[in-house]
Amino acid sequence: MKTRLIKISSPADSAELTEVAEILRAGGTVGIPTETVYGLAANALDGSAVKKIFAAKGRPQDNPLIVHISCFDEIKALVTEIPDKAVKLADAFWPGPLTIILPKSSIIPDEVSCGLPSVAVRMPSHTIANAIIRATGLPLAAPSANTSGKPSPTTAQHVMHDMDGKIDAVVDGGESAVGVESTVITLCTPVPRLLRPGGITLAQLRSVIGEVDADPAVFAELDEGERPASPGMKYKHYSPEADVIIIKGALDKFIAYVSEHSCVGSTVLCFDGEEKNFSGIVFTYGEPGDADEQAHRLFDVLRKIDASGMRRVYARCPETKGVGMAVYNRLLRAAAFKVVDLN
Ligand code: TXA
Ligand code: MG
């Protein structure tokens, strides 16, 4: 299959939008930009179109997809109830990087929900994503547009790297601003539960709807056979080819650890300004404490580490508050939960 690369710079690019909408309405698959990461979109109401997403990504069959809408009214057909808390969350954070899980209606095919009684819904704020959904006139199922298990794509080039020849088209709408996937909250539990941290923080969610629990899978590895609330949480995710090891502790301890353990093929992932402490190839992902910048750069730097051929990465540990919770959650999965604590 030839994968077309279609540049769309604004919602006024109507010829290109029409072309993309036609592919999607015909049951095709298209990589689309969103403010979080690039998504791999197909018509959410067409089970056989959705199956193509799973095939292109090599995605496990039990990992459900998020359905993307362009205005609040579109959620009504997708779910069986819209609790007050969903309205409050949507008012506060939509369009934006928040996914809300609600009981699904019968129009959601099993290919999207993977046998669960619920559906995950999100309204992206990216103007091109929004324009594509509107032009298509359909809700779009879209997981991150990476090969399953690889870091999520934050540019059209990342999507091309993973998906060239496997999908119909990729829309180039520039770099994703947030850089990590949306915050996922379920309203199907007695107390709303954070399943995946992202650009909308736990504190922001609590300020709007009060009590919110954080799922244990956010920071801990699940035991063999344990069933996560969000199927995606059980997979080793976001992994570069290299072995990532997170090192907790102050910079001086990190430097000493690296000098003791560095070997052929090992490299360092540190914060901006810390490179001078290390020799050889060194990678950075933002200033210490700047979680927004770290989120924006994390997946790109993981891909660059892979391209460099390095086999082991000693990574500085981010702060875990606010958006840092999302950065740490993704880095933990990239590291397959390998953490050395020097504190
Ligand atoms: O920012 C994002 O959310 C991006 C962009 C493209 O919108 N999408 C994304 O999709 O990250 P994906 O498929 O890579 O991650 C969706 C996560 C998975 O962990 C999946 O298991 C979970 O959401 N999920 C989807 N539907 C669910 C449901 N009904 N119940 C529980 N978890 C669900
Ligand atoms: Mg994903």
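Residues numbered from 1 in each chain as written. Chains lettered and ligands numbered in written order. Predicted model: local features only at pLDDT ≥ 70, side-chain atom pairs only at ≥ 80, totals over all residues. Heavy atoms only, no water.

1. Some thoughts on empty space enclosed by the protein
Phase 1 of the analysis: Taken as a whole and assessed by the stated rule, the structure comprises 1 cavity of 30 Å³ or more.
Phase 2 of the analysis: In this model, the largest cavity occupies a volume close to 40 Å³.
Phase 3 of the analysis: Looking at the largest cavity, the residues that line it are Leu194, Pro197, Gly198, Ile200, Thr201, Leu202, Gly322, Val323, Met325 and Ala326.
Phase 4 of the analysis: The class makeup of the residues in the lining of the largest cavity is 7 nonpolar, 3 polar and no charged. (1 Å grid on protein atoms, 1.4 Å probe; cavity = no way out; pocket = protein on both sides within 12 Å on 5 of 7 lines; lining within 4 Å. Points joined across faces, edges and corners; volume = space filled by probe spheres on them. Nonpolar A, V, L, I, M, F, W, Y, C, P; charged D, E, K, R; others polar.)

2. A look at the site of ligand 1
Phase 1 of the analysis: If you check the shell around ligand 1, you find 25 residues, and the closest are Thr36, Asn63, His68, Ser182 and Gly232.
Phase 2 of the analysis: The contact in question runs from a nitrogen atom of ligand 1 to an N or O atom on the side chain of serine 118, over 3.0 Å.
Phase 3 of the analysis: For ligand 1, an oxygen atom lies 3.0 Å from a polar atom in the side chain of serine 144.
Phase 4 of the analysis: Contact with the protein chains covers 97% of the free accessible surface of ligand 1, which is 680 Å².
Phase 5 of the analysis: Of all the secondary-structure elements, those providing two or more residues to the shell around ligand 1 are strand S4 (66–68) and strand S6 (118–122). (Near = heavy atom within 4 Å. Polar contact = N/O pair within 3.5 Å; in protein donor to acceptor, adjacent residues only side chain to side chain. Areas by Shrake-Rupley, 256 points an atom, 1.4 Å probe, with all protein chains shown as cover. Helix = DSSP H or I, 4+ residues; strand = E, 2+ residues; numbered from the N terminus.)

3. Considering the pattern of salt bridges
Phase 1 of the analysis: One pass over the structure, following the stated rule, counts 16 salt bridges.
Phase 2 of the analysis: Lysine 76 serves as the salt-bridge partner of aspartate 73, at 2.9 Å between the closest nitrogen and oxygen.
Phase 3 of the analysis: Owing to a relative accessible area of 49%, lysine 76 belongs among the partly exposed residues under this scheme.
Phase 4 of the analysis: Among the ionic contacts, a cluster of salt bridges with common partners joins Arg193, Asp213 and Asp215. (Salt bridge = Lys/Arg side-chain N within 4 Å of Asp/Glu carboxyl O. Buried < 20%, exposed > 50% of the residue type's maximum accessible area, 1.4 Å probe, protein only.)

4. Quick look at the packing of helix H9 (residues 291–308) against helix H10 (residues 324–334)
Phase 1 of the analysis: Between H9 and H10, the shortest axis-to-axis distance is 8 Å and the interhelical angle comes to 20°. When the interaxial angle is binned, H9 and H10 end up roughly parallel. Pair H9 / H10 crosses with left-handed handedness. Every residue of H10 that contacts H9 at Ala291, Gln294, Ala295, Leu298, Phe299 and Leu302 is listed here: Gly324, Val327, Arg330, Leu331 and Ala334. (Axes fitted to C-alpha atoms, helices over the stretch in contact; angles between N-to-C directions. Parallel < 35°, antiparallel > 145°, perpendicular 65-115°, else oblique. Left-handed = near helix turned anticlockwise from the far one by under 90°. Contact = heavy atoms within 4.5 Å.)

5. Points about the sheet that holds strand S13 (residues 266–270)
Phase 1 of the analysis: Spatial ordering of the open sheet is given by S14-S13-S15-S12-S16, a layout of 5 strands whose pairing is parallel. In the strand order of this sheet, the two ends are held by strand S14 (282–284) and strand S16 (339–341), each with one partner. With direction set aside, neighbouring strand axes in the sheet form an average angle of 25°.
Phase 2 of the analysis: Where S13 lies against S14, 3 bridges are found, and the strand directions are parallel. By the bridge assignment for S14, valine 268 is matched with valine 282.
Phase 3 of the analysis: In the packing of helix H8 (residues 251–261) onto the sheet, contacts are made with strand S12 (243–248), S13, strand S15 (312–316) and S16, and the angle to S15 comes to roughly 170°. (Pairing = 2+ DSSP bridges.)

6. A look at the packing of helix H1 (residues 14–25) against helix H5 (residues 127–136)
Phase 1 of the analysis: One can describe the packing of H1 onto H5 by two numbers: an axis separation of 8 Å at closest approach and a directional angle of 60°. In terms of orientation, H1 lies oblique with respect to H5. Crossing of H1 over H5 shows right-handed handedness. Between H1, through Leu17, Val20, Ala21, Leu24 and Arg25, and H5, the contact on the second element is made entirely by Ala131, Ile132, Ala135 and Thr136.
Phase 2 of the analysis: Per-class residue counts for the contact of H1 with H5 are 7 nonpolar, 1 polar and 1 charged.

7. Looking at the side chain of serine 144
Phase 1 of the analysis: Summarising the element assignment, serine 144 is placed in the loop between strand S7 (140–141) and helix H6 (156–163).
Phase 2 of the analysis: A distance of 2.6 Å separates a polar atom in the side chain of serine 144 from a polar atom in the side chain of asparagine 146.
Phase 3 of the analysis: Those residues in contact with serine 144, other than ones at most four positions away along the chain, are Val37, Tyr38, Gly39, Leu40, Lys57, Ser152 and Pro153.

8. What to know about the side chain of arginine 303
Phase 1 of the analysis: Mapping arginine 303 onto the fold places it in helix H9.
Phase 2 of the analysis: Once residues lying within four places of it in the same chain are set aside, the contact partners of arginine 303 are Asn146, Pro151, Ser152, Pro153, His158, His161 and Asp162.

Scope: geometric values only; no functional claims are made or implied.
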